[in-house]
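Below are the chains, spelled out letter by letter.
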Amino acid sequence: MSRVAVFFGAGYEEIEALTVVDILRRAQITTDTVSITGEREVTGSHGITVTMDKLFEEVDFDATDVIVLPGGMPGTTNLEAYKPLMDKVDEFYQKDKYLAAICAAPSIFGHKGILKGKKACSNPGFESHLEGADVKQEPAVVDGHIITSRGMGTAIPFGLAILEQLAGKEAAVQMRQKLVCM
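The sections below set out a description of the structure shown in this document. (Residues numbered from 1 in each chain as written. Predicted model: local features only at pLDDT ≥ 70, side-chain atom pairs only at ≥ 80, totals over all residues. Heavy atoms only, no water.)

**Thoughts on the pattern of salt bridges**
All told, the structure shown has eleven salt bridges when counted by the stated rule. The closest approach of N and O atoms between Asp32 and Arg3, which form a salt bridge, is 2.8 Å. A residue pair is termed long-range when its members are at least 10 positions apart, and Asp32 in strand β2 (residues 30-35) and Arg3 in strand β1 (residues 3-8) qualify at 29 residues. Residues Asp87 and Lys83 are paired through a salt bridge, measuring 2.9 Å at the closest nitrogen-oxygen approach. Taken together, the positions of Asp87 and Lys83, both in helix α3 (residues 83-94) and four residues apart, correspond to about one turn of that helix. The exposure class assigned to Asp87 is partly exposed, which follows from its relative accessible area of 36%. Looking at Lys83, the relative accessible area reads 54%, which means it is exposed. Through salt bridges that share partners, Arg3, Asp32 and Lys54 make up one connected network. (Salt bridge = Lys/Arg side-chain N within 4 Å of Asp/Glu carboxyl O. Helix = DSSP H or I, 4+ residues; strand = E, 2+ residues; numbered from the N terminus. Buried < 20%, exposed > 50% of the residue type's maximum accessible area, 1.4 Å probe, protein only.)

Structure representation (structure tokens):
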């Protein structure tokens, strides 16, 4: 069975992070909320505090199939500044394991050179950070093992794109219907 880790830094965008967790858990995919702050409780960019399942040090990365980076400010900059997580992003990229980011967070992949020659999207204010990417205006873009999305309003398509990669198109279509997406 697949396992996903969604990483939370202080100032994360609540809808982007929690929508992915919700969709994947509804689909029976093991999804861990993970704090990079050293504390179990992490507060988002709109003052919503969530208790995490794990601290970074508790994650079994060998058993994890997808790293998800939500956007938000300063959440994105906090994720990018956390070297242990960036080392794991590099490792997942080298192993062709899934990396997913939404809103401002795809800029992290751009800064690392991960998007060169790939299709990707981000929040309109961060497209210049998608270094070397073929920038798209779609709600969610999958190119190989890289999944990107544009922002809070595209959190459902982002979660469904991750689900499709892990459980197949039919699972994503069924979930889309359950969520009453138009």
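Okay, back to it.
**Thoughts on the packing of aromatic side chains**
Tallied over the full model, the rule gives six aromatic pairs. Here the aromatic rings of Phe8 and Tyr12 are separated by 4.7 Å at their centres, their planes lie at 75 degrees, and the arrangement is edge-to-face. Each of the two residues, Phe8 as well as Tyr12, counts as buried. Through a chain of ring-to-ring contacts, three or more aromatic side chains come together here, namely Phe7, Phe56, Phe61, Tyr82 and Phe92. Its end group placed over the ring of Phe92, Lys97 keeps NZ or CZ at 4.3 Å from the ring centre. (Phe/Tyr/Trp six-rings, centres within 6.5 Å; stacked < 30°, edge-to-face > 60°. Lys NZ or Arg CZ within 6 Å of the ring centre and 35° of its normal.)

**Points about the nonpolar core**
If you look at the biggest cluster of nonpolar residues, it comprises 28 residues, and the most contacted ones within it are Val4, Val6, Val68, Phe158 and Ile162. Elements supplying a minimum of two residues to this core: β1, α1 (14-26), β6 (66-69), β7 (98-102) and α5 (155-167). Ranked by residue count, the leading element in this core is α5, at seven residues. Every residue in contact with Val4, bar those within four places of it in the chain, is listed here: Leu24, Ile29, Thr30, Thr31, Asp32, Thr64, Val66, Val68 and Leu166. Residues Val34, Val89, Ala101 and Ala133 belong to the second largest nonpolar core, which totals 26 residues. (Core = buried A, V, L, I, M, F, W, Y, C linked by side-chain atoms within 4.5 Å. Contact = heavy atoms within 4.5 Å.)

**Some details on the sheet that holds strand β11 (residues 146-149)**
Spatial ordering of the open sheet is given by β5-β2-β1-β6-β7-β11-β10, a layout of seven strands whose pairing is mixed. Either end of the sheet is taken by a strand with one partner, and the two such strands are β5 (54-55) and β10 (140-143). Where β10 and β11 come together, four bridges link them in antiparallel fashion. Among the inter-strand pairings, Ala140 is bridged to a residue of β11, identified as Ser149. (Pairing = 2+ DSSP bridges.)

**Topic: the layout of surface pockets**
There is about 210 Å³ of room inside the largest pocket. Of all the secondary-structure elements, those providing two or more residues to the lining of the largest pocket are α5 and α6 (169-178). With five residues, the single largest contributor to the lining of the largest pocket is α5. The residue makeup of the lining of the largest pocket, split by class, is eight nonpolar, no polar and three charged. (1 Å grid on protein atoms, 1.4 Å probe; cavity = no way out; pocket = protein on both sides within 12 Å on 5 of 7 lines; lining within 4 Å. Points joined across faces, edges and corners; volume = space filled by probe spheres on them. Nonpolar A, V, L, I, M, F, W, Y, C, P; charged D, E, K, R; others polar.)

**Description of the pairing of β10**
Alternating residues of β10 divide into Val141 and Asp143, all buried, and Ala140 and Val142, none buried. Remark: two residues form the turn of the hairpin made by β10 and β11, two consecutive strands paired antiparallel; Gly144 in that turn has positive phi of roughly 65 degrees.

**Let's talk about α5**
Across its 13 residues, α5 extends 18 Å between first and last C-alpha, which sits within 8% of the 18 Å expected from 1.5 Å per residue. In the segment just after α5, Gly168 is the residue with positive phi, at about 100 degrees. (Expected span 1.5 Å × (residues − 1).)

**Thoughts on the packing of α5 against α6**
It is the contact of α5 with α6, at a shortest axis distance of 7 Å, that shows an interaxial angle of 145 degrees. Of the two possible hands of crossing, α5 and α6 adopt the one that is right-handed. Facing α5, whose interface residues are Leu160, Leu163, Glu164 and Ala167, α6 presents Lys169, Ala171, Ala172, Met175 and Arg176. Split into classes, the residues belonging to the contact of α5 with α6 amount to six nonpolar, no polar and three charged. (Axes fitted to C-alpha atoms, helices over the stretch in contact; angles between N-to-C directions. Left-handed = near helix turned anticlockwise from the far one by under 90°.)

Structural measurements only, silent on function.
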